[in-house]
Protein chains: 2
Amino acid sequence: MSKKTTIYDIAKELQITAATVSRALNNNPRISKNTRELVLETAARMNYKQNRLALALKSGKSNNIGVVVPYINRNFFSSVIRGVEDELYPKGYHVIISQTHEDKDRELKIIQNLLNAQVDGILISTSYTNEEKNKLEPALKKSTPFIFFDRKLDFPDISSVTIDDYQGAYDATKHLIDQGCKRIAHFYVNNGLELYKNRLLGYKNALLQSGFEVVPEYIIPLKNDMEAGMEAAKTLMNLPVPPDAIFSSTDNSLLGAVKYLQGLPIHIPDDFCVVGFSNEPFTEFMEPSISSVDQSPVEMGRMAAKVFLEQMDSEQSVKIHKKVILPAKLVIRKSSSKIQ
Amino acid sequence: MSKKTTIYDIAKELQITAATVSRALNNNPRISKNTRELVLETAARMNYKQNRLALALKSGKSNNIGVVVPYINRNFFSSVIRGVEDELYPKGYHVIISQTHEDKDRELKIIQNLLNAQVDGILISTSYTNEEKNKLEPALKKSTPFIFFDRKLDFPDISSVTIDDYQGAYDATKHLIDQGCKRIAHFYVNNGLELYKNRLLGYKNALLQSGFEVVPEYIIPLKNDMEAGMEAAKTLMNLPVPPDAIFSSTDNSLLGAVKYLQGLPIHIPDDFCVVGFSNEPFTEFMEPSISSVDQSPVEMGRMAAKVFLEQMDSEQSVKIHKKVILPAKLVIRKSSSKIQ
DNA sequence: TTGTACGCGTTATCAT
DNA sequence: ATGATAACGCGTACAA
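Computed from a predicted model, the values in this text were never measured in an experiment.

Colleague: Please set out the overall build of chain A residue by residue, giving values where relevant.
Modeller: Across its full length, chain A carries 13 helices and twelve strands. At 26 Å, chain A has a C-alpha radius of gyration far larger than the 20 Å of a compact globule built from 340 residues. Along the longest, intermediate and shortest principal axes, the C-alpha atoms of chain A span 90 × 40 × 30 Å. Across the 340 residues of chain A, 55% fall into the buried class. Pairs at least 24 residues apart make up 72% of the contacts formed inside chain A by residues separated by at least 6 positions. When the accessible surface of chain A is split by element, carbon and sulfur atoms take 52% of a total near 14700 Å².

Colleague: Could you give an account of helix H8 (residues 165-178) of chain B, with specific residues and numbers?
Modeller: One turn of the α-helix equals 3.6 residues, which is why residues spaced by three or four share an orientation. Residues and elements named next belong to chain B. Helix length check: H8 (14 residues) gives 20 Å between terminal C-alpha atoms against 20 Å at 1.5 Å per residue, within 8%. Taken as a whole, H8 has its buried residues at Asp-165, Gly-168, Ala-169, Tyr-170, Ala-172, Thr-173, His-175, Leu-176 and Ile-177. With its phi angle positive at about 100 degrees, Gly-180 sits one or two positions after the end of H8.

Colleague: Describe the pattern of salt bridges, with residues and values.
Modeller: All chains considered together, the criterion is met by 30 salt bridges over all chains. Across the pair Arg-74 of chain B and Glu-102 of chain B runs a salt bridge, and its minimum N-O distance is 3.7 Å. In this pair, Arg-74 of chain B is assigned in the loop between strand E1 (64-69) and helix H5 (75-88) and Glu-102 of chain B in the loop between strand E2 (94-99) and helix H6 (104-116), connecting sequence segments 28 residues apart. Through salt bridges with shared partners, a single ionic network connects Arg-82, Asp-86, Glu-87 and Arg-302 of chain A.

Colleague: Can you tell me about the interface of chain B and chain A, naming the residues and giving the values?
Modeller: If you look at the interface, chain B gives 52 residues, while chain A gives 53 residues. Between chain B and chain A the total buried area reaches about 4800 Å² when both faces are included, carbon and sulfur atoms providing 55% of it. When the area that chain B buries against chain A is broken down by residue, the three leading residues are Leu-53, Tyr-89 and Phe-285 of chain B, summing to 14%. In this structure, the connection of chain B to chain A is made through zero salt bridges. Counting the contacts that link chain B with chain A gives 19 residue pairs in polar contact (both at pLDDT 80 or more). Bridge analysis of strand E2 (residues 94-99) of chain A against E2 of chain B gives three bridges, and the strand direction is antiparallel.

Colleague: How would you summarise the UniProt feature "domain: HTH lacI-type" (unreviewed entry) in chain A if you had to cite specific residues and measurements?
Modeller: Per the UniProt entry, the sites bearing "domain: HTH lacI-type" (unreviewed entry) are residues 5-59 of chain A in this numbering. End C-alpha to end C-alpha, residues 5-59 of chain A measures 21 Å, and it is 67% helix and 0% strand.

Colleague: Just give me the short version of the protein's contact with DNA strand D, but keep the residues and values in it.
Modeller: The environment of DNA strand D is made up of 27 residues, and the closest members are Tyr-48 of chain A together with Thr-17, Thr-20, Arg-30 and Thr-35 of chain B. Here the atoms of DNA strand D within 4 Å of the protein split so that 62% fall in sugar or phosphate, with bases taking the remainder. At a separation of 2.8 Å, a phosphate oxygen of DNA strand D approaches a polar side-chain atom of Gln-50 of chain A. With respect to DNA strand D, the side chain of Thr-17 of chain B contributes an N or O atom lying 2.6 Å from a phosphate oxygen. Those elements giving two or more residues to the surface near DNA strand D turn out to be helix H1 (7-14), helix H2 (18-25) and helix H4 (52-59) of chain A together with helix H2 (18-25) and helix H4 (52-59) of chain B. Classifying every residue of the surface near DNA strand D by side-chain character gives eleven nonpolar, ten polar and six charged.

Colleague: Lay out the protein's contact with DNA strand C in plain terms, naming residues and giving numbers.
Modeller: Every one of the 25 residues lining DNA strand C counts as a neighbour, but Thr-17, Thr-20 and Lys-58 of chain A together with Tyr-48 and Lys-58 of chain B are closest to it. Among the atoms of DNA strand C close to the protein, meaning within 4 Å, 58% are from sugar or phosphate groups. Here Thr-17 of chain A contributes a side-chain N or O atom positioned 2.4 Å from a phosphate oxygen of DNA strand C. Thr-20 of chain A is positioned such that a nitrogen or oxygen atom in its side chain is 2.5 Å from a phosphate oxygen of DNA strand C. Elements with a contribution of two residues or more to the surface near DNA strand C: H2 and H4 of chain A together with helix H1 (7-14), H2 and H4 of chain B. Class assignment of the residues belonging to the surface near DNA strand C gives a composition of ten nonpolar, nine polar and six charged.

Colleague: Got a sec to walk through H5 of chain B? Specific residues and values, please.
Modeller: Relative to the 20 Å expected for 14 residues at 1.5 Å per residue, H5 of chain B spans 20 Å between its end C-alpha atoms, a close match to the ideal helical length. Most of H5 of chain B is tucked away, with 13 of its 14 residues classed as buried.

Colleague: Let's hear about the nonpolar core: which residues, and what values?
Modeller: Val-67 of chain A together with Val-67 of chain B are the most contacted members of the largest nonpolar core, which has 149 residues in total. Once you skip the residues sitting within four places of it in the chain, Val-67 of chain B turns out to touch Ile-81, Val-84, Val-95, Ile-96, Ile-97, Ser-98, Leu-123 and Phe-149 of chain B. Residues Ile-122 and Phe-146 of chain A together with Val-119 and Ile-158 of chain B belong to the second largest nonpolar core, which totals 38 residues.

Colleague: Tell me about the packing of aromatic side chains, and please be specific about residues and values.
Modeller: Scanning all chains against the criterion turns up ten aromatic pairs over all chains. Centre to centre, the rings of Phe-76 of chain A and Phe-77 of chain A are 5.1 Å apart; their planes meet at 70 degrees, and the pair counts as edge-to-face. Each member of the pair, Phe-76 of chain A as well as Phe-77 of chain A, is classed as buried. Stacked on the ring of Phe-277 of chain B, the Lys or Arg Arg-199 of chain B has its end atom at 3.7 Å from the ring centre.

Colleague: Go over the relation of the copies chain B and chain A, please, and point to the residues and values.
Modeller: Of the transformation superimposing chain B on chain A, the axial component is 0.1 Å and the angular component is 180 degrees, with the fit at an RMSD of 0.1 Å. Taken together, these values place the two copies in the relation of a two-fold axis. Counting the interface residues of chain B, we find that 100% of their copies in chain A are interface residues as well, pointing to one common contact surface.

Colleague: Give a description of the sheet that holds E2 of chain B that names residues and reports values.
Modeller: Read from one edge of the open sheet, twelve strands run E11(A)-E5(A)-E4(A)-E3(A)-E1(A)-E2(A)-E2(B)-E1(B)-E3(B)-E4(B)-E5(B)-E11(B), paired in mixed fashion. Across the chains shown, the open sheet's two edge strands, defined by having one partner strand only, are strand E11 (323-326) of chain A together with strand E11 (323-326) of chain B. For this sheet, the mean angle separating the axes of adjacent strands, direction not counted, is 20 degrees. Packed onto the sheet, H5 of chain B meets E2 of chain A together with E1, E2, strand E3 (121-124) and strand E4 (146-149) of chain B and runs at close to 170 degrees relative to E1 of chain B.

Calculation rules
- Residues numbered from 1 in each chain as written.
- Chains lettered and ligands numbered in written order.
- Predicted model: local features only at pLDDT ≥ 70, side-chain atom pairs only at ≥ 80, totals over all residues.
- Heavy atoms only, no water.
- Helix = DSSP H or I, 4+ residues; strand = E, 2+ residues; numbered from the N terminus.
- Rg over C-alpha atoms; globule rule 2.2 N^0.38 Å.
- Buried < 20%, exposed > 50% of the residue type's maximum accessible area, 1.4 Å probe, protein only.
- Contact = heavy atoms within 4.5 Å.
- Areas by Shrake-Rupley, 256 points an atom, 1.4 Å probe, with all protein chains shown as cover.
- Expected span 1.5 Å × (residues − 1).
- Salt bridge = Lys/Arg side-chain N within 4 Å of Asp/Glu carboxyl O.
- Buried area = accessible area lost by both parts, 1.4 Å probe.
- Polar contact = N/O pair within 3.5 Å; in protein donor to acceptor, adjacent residues only side chain to side chain.
- Pairing = 2+ DSSP bridges.
- UniProt positions renumbered as here; feature names shortened; annotations may be inferred.
- Near = heavy atom within 4 Å.
- Nonpolar A, V, L, I, M, F, W, Y, C, P; charged D, E, K, R; others polar.
- Core = buried A, V, L, I, M, F, W, Y, C linked by side-chain atoms within 4.5 Å.
- Phe/Tyr/Trp six-rings, centres within 6.5 Å; stacked < 30°, edge-to-face > 60°.
- Lys NZ or Arg CZ within 6 Å of the ring centre and 35° of its normal.
- Least-squares fit on C-alpha atoms with pLDDT ≥ 70 in both.
- Axes fitted to C-alpha atoms, helices over the stretch in contact; angles between N-to-C directions.

Here you go:
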């Protein structure tokens, strides 16, 4: 209820200056032991709390960092944020969350907004594609450090933390080949994001390097949701020669496909194998459990935070930029375990 | 790279005062059309952005609000946050996230910290129980509005948004009775949180009001995780007269139970019915799909945000406090659909 | 060791 | 319609 006490209140109480109070509170050596203790005591008694806003304005450091994601309540993103917060909170940072809803105009506004709020850095999983990256460029040219995670853009002087999408896709496809699958289809999210292109590439190269052909009909462009996955599966199974496996670039679309396949007289994994991407929690608990490529999102968040911290430290001297690529780990479950 | 431009820079450029610039930027009527346009133009040209920190210090409003949860990356909490952000971002607020890791000391520190950062309000799902609520009391007595969501404490003058845990539990139990289940067990999370007590109460009353007895052995106290659920199921099934249904106060523990039951020659739902609580995404995709009580987390977040906004508006006049109770909706799926 | 004075960027209250 | 000045709360260079 009562007004917040400031260092001036303490100063008045003790008949000294605010400067002295400030020094006492900040362990400044230029102060007598006596007054320091007196100030500390009085501060505690008057329930003084530092106003971080004033400090921020003065120092130019808000100790806030912005995290920008499409949606918070997707396991992948919330887990990344979990990692970021775990890493940054102990260092005295607060994490400000914003969701773009995959809306690019909104994303740009959010960035401006965070910049206006004087955040010390922005960690972002963008919805922009490399083709449109120039729209984001002016904002990125500020002195505030940016770090891309998962969905990055190719800017030479901006740090990023991603997983090895190519390798993950390659491993998944190779695994299906090793299981004896002969006609492996792929769900390809065609929203222009680089990571889906990399997954497509990993899929193709795994096929080629094992002596398989890349069949265009087996590559289905779609949106990242369950309904699209059902449609895609239907399309595939109506082909003259249907595939006997799917490597999907997302778990959600694969879920739709599995639902569709379970309506057919087809047994997974004996007749048909599937592998997804993201290792969403539900893949573990489905029947059959679904193999998927894990993106270790919490780790990714921690790493993005670490890169940010390094960048802050190096601010004075030369600016450091990093392109961190985390490994993608294939988690093999029942849905692709034909051979015992 | 270049230093941020302030209203003083614009003032100097135009040979006028910062005050005039400020007026032009804020649509203050006390300014000529000419100068306003000139200022706006120059501001745009010089790429001026308002420093919200300075505004915050001056106005005493940071336009940040803190959201405190045990963990961000639990579907329930991330969905609540989703709702909060959806509601508050359009009003110009930024959402600051902190996780307590269910650590009470940490929770208290987080609150102090957010208060120091001058947040305009705190939305919190606490890990404290009503027995320990006095520890939190000093922080709550500040002028900054607090709003509890889901995990609340009983303070008469603090708002809260919860669901009707009692009713949800009652409905779930009644539903099992209607399915013909005769011996319904209950998983009870015994961490002292009020909402679990309410669920237990709903369970008991549903039984009693249908003429069933409450069998103490059928009420298993446990932690909210899968392993505990497996253990609990084992205990139950080793009883002289095992139950034929479980109403669990959490989906996670129920998941463990289902895993255990599936190792037995027992068919769900024909021999055994189960209903969970929270409607976690995986419940929908499991085989069999799991019935669960939905807590409409996004709605809860939106509502908590709305209550906060109302409270802000009413600040000047009389302080408004609200106890909002959202309905709990039982979602019936295969795991409890014995009768066709 | 302590006090004085200023600046961080903004808005609001007086004057003019 | 515009200018001058104070104030928000803090830290710090400089002076004493």
